[in-house]
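Understanding the architecture of this molecule
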Amino acid sequence: MDSSSPSTTIVIFNILSFLAIVLVCLAILPPLFSSQIKRSSTWFIHLISWLVYSISFVFIIGQQTGPEPEFGACLFQASLIYSTPPFCAFAATFFLAEFYLQIRSFLYGSHINKVWRRFFNLFPVVLFACLICFALVSTQDASSPQRIESGLFCHIVHGPQYIVSAVLIIIAAAIMIPLQVVTFRLLYRNRSTLKEQTSTDNTPATISISVSIRMMLFTLIVGIGIGLTILVTSSESNDASRIGSLLLPTLPILSAISFGTQTDVFRLQRKSQIETHDDDRMEKDSAWFTSNANWMKLDLYRKENRPT
């Protein structure tokens, strides 16, 4: 077998990475193009963070075997791989935080402060930009960005990047876990009220108990999976790196499945079909009225020009 040909591990990893990109895009598109599907800005930032996370794994496709990849592509991918886990962690944390405030607002009639909303939206994005700049500036050794032993993606061999990412993820987890406990307690204590309200037509979908439990379970997976990213990129064991790396693209796949429900896609498709059907019906009605109007004009013309 040619040493430059991709291994089975690389092929599986690339397929999962592209699948993650497609699924996350499919989750994001329906709310963008449908006025009937409403999502908060933190929801968009949360899924966009997973989209960037997925894209970060495909920068050196075609250069995963053989000679080392181009320095610029390898460095940028390594910078993204260290920057996206904290981005995803804080995006998920603030998505959960806004969800908690929405439940309190729904139950007690309070309003969410605009300052908090702006902070939830801006902090993950600003943090992500700062981490990329830090990774690029702090990597002064030209030989530092290299492929991991399995060849799947690049990492930075010498540098504090993974330590900074790990510390930030721990901070996000320290906020996320107590917030999950408080949110679950609030849901449990008000389960009867929420159960009554979810049967009405005007209840926000975000207050659904099933959605709440699904979101909290997923945020637990986020903490474990993002920590796995740091371990894989800093591990020197080829076997551990190979096995752990194959699990990395599954995180955005789970995110897309959890938060981009099939109902949204079907609702968008149904809306499109209804609009198309309505347009066709309007065209047929217009043609019918035009045809009848022409017949009426012809009949009137015959009456007026009938010989006496």
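Residues numbered from 1 in each chain as written. Predicted model: local features only at pLDDT ≥ 70, side-chain atom pairs only at ≥ 80, totals over all residues. Heavy atoms only, no water.

What about the overall build of the protein chain?
- Regarding its fold elements, the protein chain presents ten helices and two strands.
- Burial analysis of the protein chain (308 residues in total) assigns 42% to the buried set.
- Counted over contacts in the protein chain with a minimum sequence separation of 6, partners at least 24 positions apart contribute 79%.
- By element, 64% of the accessible surface of the protein chain is carried by carbon and sulfur atoms, the whole surface being about 17,200 Å². (Helix = DSSP H or I, 4+ residues; strand = E, 2+ residues; numbered from the N terminus. Buried < 20%, exposed > 50% of the residue type's maximum accessible area, 1.4 Å probe, protein only. Contact = heavy atoms within 4.5 Å. Areas by Shrake-Rupley, 256 points an atom, 1.4 Å probe, with all protein chains shown as cover.)

A short note on the pattern of salt bridges
- Across all of its chains, the model carries one salt bridge by this definition.
- Note that Arg117 is salt-bridged to Glu98, the shortest N-O span being 2.8 Å. You can see Arg117 sitting in helix H4 (residues 114–138) and its partner Glu98 sitting in helix H3 (residues 71–108), a full 19 residues away along the chain.
- Residue classification places Arg117 among the partly exposed positions, given a relative accessible area of 32%. (Salt bridge = Lys/Arg side-chain N within 4 Å of Asp/Glu carboxyl O.)

Quick notes on the state of the cysteines
- This model, assessed by the stated rule, comprises one disulfide.
- Across the disulfide from Cys74 sits Cys154; the S-S distance is 2.1 Å. When the S-S torsion is -115 degrees, as for the bridge of Cys74 with Cys154, the disulfide is left-handed. Note that Cys74 is positioned in helix H3 and Cys154 in strand E2 (residues 154–156), a separation of 80 residues in sequence.
- A disulfide-free cysteine, Cys130 has its sulfur positioned 6.6 Å from the sulfur of Cys133, the nearest such atom. (Disulfide = S-S within 2.5 Å.)

Considering the packing of aromatic side chains
- Under the counting rule described, the total for this entry stands at 17 aromatic pairs.
- Between Trp116 and Phe120, the aromatic rings sit 5.8 Å apart at their centres with planes inclined by 35 degrees, giving tilted as the arrangement. Of the two residues, Trp116 and Phe120 both sit in helix H4, four residues apart, roughly one turn of that helix.
- Members of the aromatic cluster, joined through ring pairs, are Phe90, Phe94, Trp116, Phe119, Phe120 and Phe123. (Phe/Tyr/Trp six-rings, centres within 6.5 Å; stacked < 30°, edge-to-face > 60°.)

Digging into the packing of H3 against H4
- Axis separation between H3 and H4 bottoms out at 8 Å; the angle between their running directions is 165 degrees. Between H3 and H4, the angle falls in the class roughly antiparallel. For the pair H3 and H4, the crossing hand works out as right-handed.
- When its residues are assigned to classes, the contact of H3 with H4 shows 20 nonpolar, three polar and two charged. (Axes fitted to C-alpha atoms, helices over the stretch in contact; angles between N-to-C directions. Parallel < 35°, antiparallel > 145°, perpendicular 65-115°, else oblique. Left-handed = near helix turned anticlockwise from the far one by under 90°. Nonpolar A, V, L, I, M, F, W, Y, C, P; charged D, E, K, R; others polar.)

Structural notes on the confidence of the model for the protein chain
- Per-residue pLDDT for the protein chain averages 74, and the proportion of residues at 70 or more is 65%.
- Put simply, helix H10 (residues 262–304) is where the protein chain has its lowest mean pLDDT, 46, and helix H2 (residues 41–55) is where it has its highest, 92.
- Scored below 50 in pLDDT, residues 201–206 shows eight contacts in the model against residues more than four places distant or in partner chains.
- pLDDT under 50 marks residues 264–298. Its contacts with residues more than four places away, or in other chains, come to 13 contacts. (pLDDT = per-residue confidence, 0-100.)

Brief notes about helix H5 (residues 161–189)
- The terminal C-alpha atoms of H5 lie 42 Å apart, and with 29 residues this matches the ideal 42 Å at 1.5 Å per residue to within 8%.
- Taken residue by residue, H5 has Gln161, Ser165, Leu168, Ile169, Ala172, Met176, Leu179, Gln180, Thr183, Leu186 and Leu187 as its buried positions. (Expected span 1.5 Å × (residues − 1).)

Remarks on a nonpolar patch on the surface
- Taken together, the side chains of Val22, Leu26, Leu29, Leu32 and Phe33 present a nonpolar region at the surface, about 500 Å² in accessible area.
- On the secondary structure map, Val22 appears in helix H1 (residues 8–33). (Patch = residues over 30% accessible without salt bridge, like charges linked within 9 Å, V, L, I, M, F, W, Y side chains within 5 Å.)

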